[in-house]
Amino acid sequence: METDDLTPAELRVWRAFPRGEFVDFRDPAHDDDAADGAGWGPQRTVRTSVLRYLLVNCPREDGEIPSLSLAGARVTGVLDLQYATVDQPVRIRHCYFDEAPRCYGGRFRELNLSESVLPGLVAHAVTVDGVLRLTRCRFLGQVRLGGAQISGSLYLESAAFGDPDTSQPVLQLNQAVVGADLWAPGLRAEGPLRLNGAKITGSVNLNDAELSNPGRCAVDAETLAVEGDLLMRKADVRGWVGLRGTRVTGRLDLSYTRLSNPGGTALRASSATIGELWLRRGPAVEGALNLRRSQVDVLFLDPDTAPDQVLLNGLGYTTLTPHEPAARRLPMLERDRDGYVPHAYEQLAAAYRRIGDDDAARLVQLAKQRRHRRTLPWYARLWGVVQDATVGYGFRPLRAAGWLLSLLTAGSVAYALDHPRALKASEAPDFHPVFYTLDLLLPVISFGQEAAFAPDGWRQVLSYVLVITGWILATAVLAGVTRTVSRS
């Protein structure tokens, strides 16, 4: 390329490149907005053919380190660096691109497009040996970074993504590998983000993000692997978030976040492995919460944040926080879309037992039996009602003593007022109404009273009632004790 063919603006860039000097076309007297770059004149316009020649051929000067450092320019044409190896840092900031750059399969030492406006970016399988900076960039089309290999961090803070065709991901990071952090607080996207299969060695920061694709996918991050934390605090997500099979070694933090997908699933984190899952201090989730078959060490879940529909079958967790009364936790289990899920009750009871709250654990187990009763045929439900009323399925043993004392009192008073006749007056012991009533109530123990006296009339009817009630009470107690012993 001959310098005679260059415009004055391009000549400035040409001469600065070998010495690594910064070329800034911005007017310090005005607050330039890169979105207005389409109207910038030839005095600040640079053709991509010039930039490509410099990056590929790399003219040098002795003792200098070349680099492309450019700001405030309108870049015309397609910057085609497919399969190119660029050893010099590329910093094209606060610029306006007429066409989406193409960096498919390229290799860069550092790539910085911060604060620029671009129609999109095609960079599948790109390799960046340092950091990739897209800070505060505005993309009007798709950004394709699938399979990218970035040894440092990927910076996307306050970047904006939008595409008229929101059925396609506005940001593709599927199968990408980031050697440090994915740093994107304040990111805004009108369309889906795709991160499925990506591997992040550090943390993912999506705090204060605004992700909108109502009724459809907002974040597709199935099988995402994050060695640090996945932070989405104070985010506003409209659409569903897919985290199926995700592995987060640290914390998945959704504190203060709005998750909204009415009529569908708001958060699908099934079959995931998560160190800590925080769902707290935010509005109630609008849509279903799917945590089937996931494993969580610490589940921080505010009852007020839980949605109207949950799917918890197979969810395992070690610690449940904050500590809430069982009455505050149980309604969520009642709302499980899978119906009666015994495992969910067992997990909740075990969490209470681990912190020493045995009363709450028993209440959960009692609620489990009552919930199970509703799934049984009518005759089994009837027996369940008896067990519940008498001994609370074994979790309320003092109820049996209460029933026994009440029946004992009633029978003793009735028989004390009107003694039954003795079968053999010469051989019968002295009548004792209390022990006679106990003989009727207790099917195993005998005090010799029942066999010696024969009630008649209404006293006989009462004796039948006491005998039948005693057998029912004893059977219910035995069933409750057996259930309790087998569970422990």
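A. Quick peek at the nonpolar core. One finds I92, L145, L156 and F161 to be the most contacted residues of the largest nonpolar core, which totals 113 residues. Apart from residues no more than four positions distant in its own chain, L145 is found in contact with A123, V126, L132, L134, L171, Q172, L173 and A176.

B. Expanded view of the pattern of salt bridges. Evaluation of the coordinates by the stated rule reveals 24 salt bridges. Between R91 and E110 there is a salt bridge, with the nearest N and O atoms lying 3.6 Å from each other. One end of the pair, R91, is in strand β6 (residues 90–93); the other, E110, is in the loop between β8 (107–108) and β9 (111–112), and 19 residues separate them in sequence. With a relative accessible area of 17%, E110 lands in the buried category. Note that D129 and R107 form a salt bridge whose closest N and O atoms lie 3.2 Å from each other. In this pair, D129 sits in the loop between β12 (127–128) and β13 (132–133) while R107 sits in strand β8, placing the two residues 22 residues apart along the sequence. Judged by its relative accessible area of 42%, D129 is partly exposed.

C. Examining the packing of helix α3 (residues 326–334) against helix α5 (residues 358–373) more closely. Where α3 contacts α5, the axes come no closer than 10 Å and their chain directions differ by 30 degrees. Judged by the inter-axis angle, α3 sits roughly parallel to α5. Judged by the sense of rotation from one axis to the other, the crossing of α3 with α5 is right-handed. Counting all contacts with α3, which are made through A326, A327, L330 and E334, the residues of α5 involved are A360, L363, V364, A367 and R371. For the contact of α3 with α5, a count of residues per class yields seven nonpolar, no polar and two charged.

D. Examining the pairing of strand β26 (residues 210–220) more closely. Examined bridge by bridge, strand β22 (residues 188–190) and β26 share three bridges and lie parallel to one another. What sits directly across from E190, in β26, is S212. Note that strand β23 (residues 193–194) and β26 share two bridges and pair parallel. Within the sheet, the bridge partner assigned to L193 lies in β26 and is V219.

E. Fine view of unusual backbone geometry. With an omega of -5 degrees, the peptide bond running from T321 to P322 counts as cis. Mapped onto the secondary structure, P322 falls in the loop between β36 (316–321) and α3. Residue D208 is not a glycine yet carries a positive backbone phi of 65 degrees. Owing to a relative accessible area of 44%, D208 belongs among the partly exposed residues under this scheme. Backbone geometry at R281 places phi at a positive 60 degrees, although glycine is not the residue there. Take R281: it is sitting in the loop between β32 (273–279) and β33 (286–290).

F. Broad picture of the packing of aromatic side chains. One pass over the full model with this rule turns up six aromatic pairs. Taking 5.5 Å as the distance between ring centres and 75 degrees as the angle between the ring planes, the aromatic pair formed by Y83 and Y104 counts as edge-to-face. Pair noted here: Y83 is in the loop between β4 (74–76) and β5 (85–86) and Y104 is in the loop between β7 (96–97) and β8, with a separation of 21 residues, a long-range link. By relative accessible area, which is 32% here, Y104 ends up partly exposed. Look at W278 and F300: their rings are 5.3 Å apart centre to centre, the planes differ by 45 degrees, and that puts the pair in the tilted class.

G. Broad picture of helix α1 (residues 8–16). Along α1, the positions that sit buried rather than exposed are A9, E10, V13, W14 and A16. Where the residues of α1 are buried, they touch β1 (22–24), β2 (45–47), α2 (48–57) and β3 (68–71).

H. Representation of a nonpolar patch on the surface within the structure. Residues W383, Y464, I468 and I472 make up a contiguous nonpolar surface patch of roughly 380 Å² in combined accessible area. A total of three residues in the nonpolar patch trace back to one element, the largest contributor, which is helix α9 (residues 458–487). Note on placement: Y464 falls in helix α9. The class of Y464 is partly exposed, set by a relative accessible area of 47%.

I. Spotlight on the environment of G215. Mapped onto the secondary structure, G215 falls in strand β26. Take G215: its relative accessible area is 59%, and that puts it in the exposed class. Considering only alpha carbons, one finds G215 and L79, 136 residues apart in sequence, at a separation of 36 Å. If we ignore the near neighbours within four places in the chain, the residues touching G215 are G239 and N261.

J. Here's a closer look at the environment of S406. On the secondary structure map, S406 appears in helix α7 (residues 398–417). Taking the C-alpha atoms as reference points, S406 and L277, separated by 129 residues in sequence, lie 50 Å from one another.

K. Structural detail: the environment of G275. The topology assignment puts G275 in strand β32. With residues up to four places along the chain from it excluded, the contact list for G275 reads V248, T249, G250, V296, D297 and V298.

L. Highlighting the state of the cysteines. Under the criterion given, the structure shown has zero disulfides. A disulfide-free cysteine, C58 has its sulfur positioned 17 Å from the sulfur of C103, the nearest such atom. Free of any disulfide, C137 has its nearest neighbouring cysteine sulfur in C95, separated by 10.0 Å.

M. Region of interest: the packing of α3 against helix α4 (residues 342–354). Viewed as axis vectors pointing N to C, α3 and α4 meet at an angle of 160 degrees, and their least axial separation amounts to 10 Å. The angle between α3 and α4 places the two elements in the roughly antiparallel class. Where α3 crosses over α4, the two elements pack in a sense that is right-handed. On the side of α3, the interface is formed by A326, R329, L330, L333 and E334, while α4 contributes A344, Y345, L348 and Y352. Residues that form the contact of α3 with α4 fall into these classes: seven nonpolar, no polar and two charged.

Parameters and conventions
Residues numbered from 1 in each chain as written. Predicted model: local features only at pLDDT ≥ 70, side-chain atom pairs only at ≥ 80, totals over all residues. Heavy atoms only, no water. Core = buried A, V, L, I, M, F, W, Y, C linked by side-chain atoms within 4.5 Å. Buried < 20%, exposed > 50% of the residue type's maximum accessible area, 1.4 Å probe, protein only. Contact = heavy atoms within 4.5 Å. Salt bridge = Lys/Arg side-chain N within 4 Å of Asp/Glu carboxyl O. Helix = DSSP H or I, 4+ residues; strand = E, 2+ residues; numbered from the N terminus. Axes fitted to C-alpha atoms, helices over the stretch in contact; angles between N-to-C directions. Parallel < 35°, antiparallel > 145°, perpendicular 65-115°, else oblique. Left-handed = near helix turned anticlockwise from the far one by under 90°. Nonpolar A, V, L, I, M, F, W, Y, C, P; charged D, E, K, R; others polar. Pairing = 2+ DSSP bridges. Phe/Tyr/Trp six-rings, centres within 6.5 Å; stacked < 30°, edge-to-face > 60°. Patch = residues over 30% accessible without salt bridge, like charges linked within 9 Å, V, L, I, M, F, W, Y side chains within 5 Å. Areas by Shrake-Rupley, 256 points an atom, 1.4 Å probe, with all protein chains shown as cover. Disulfide = S-S within 2.5 Å.

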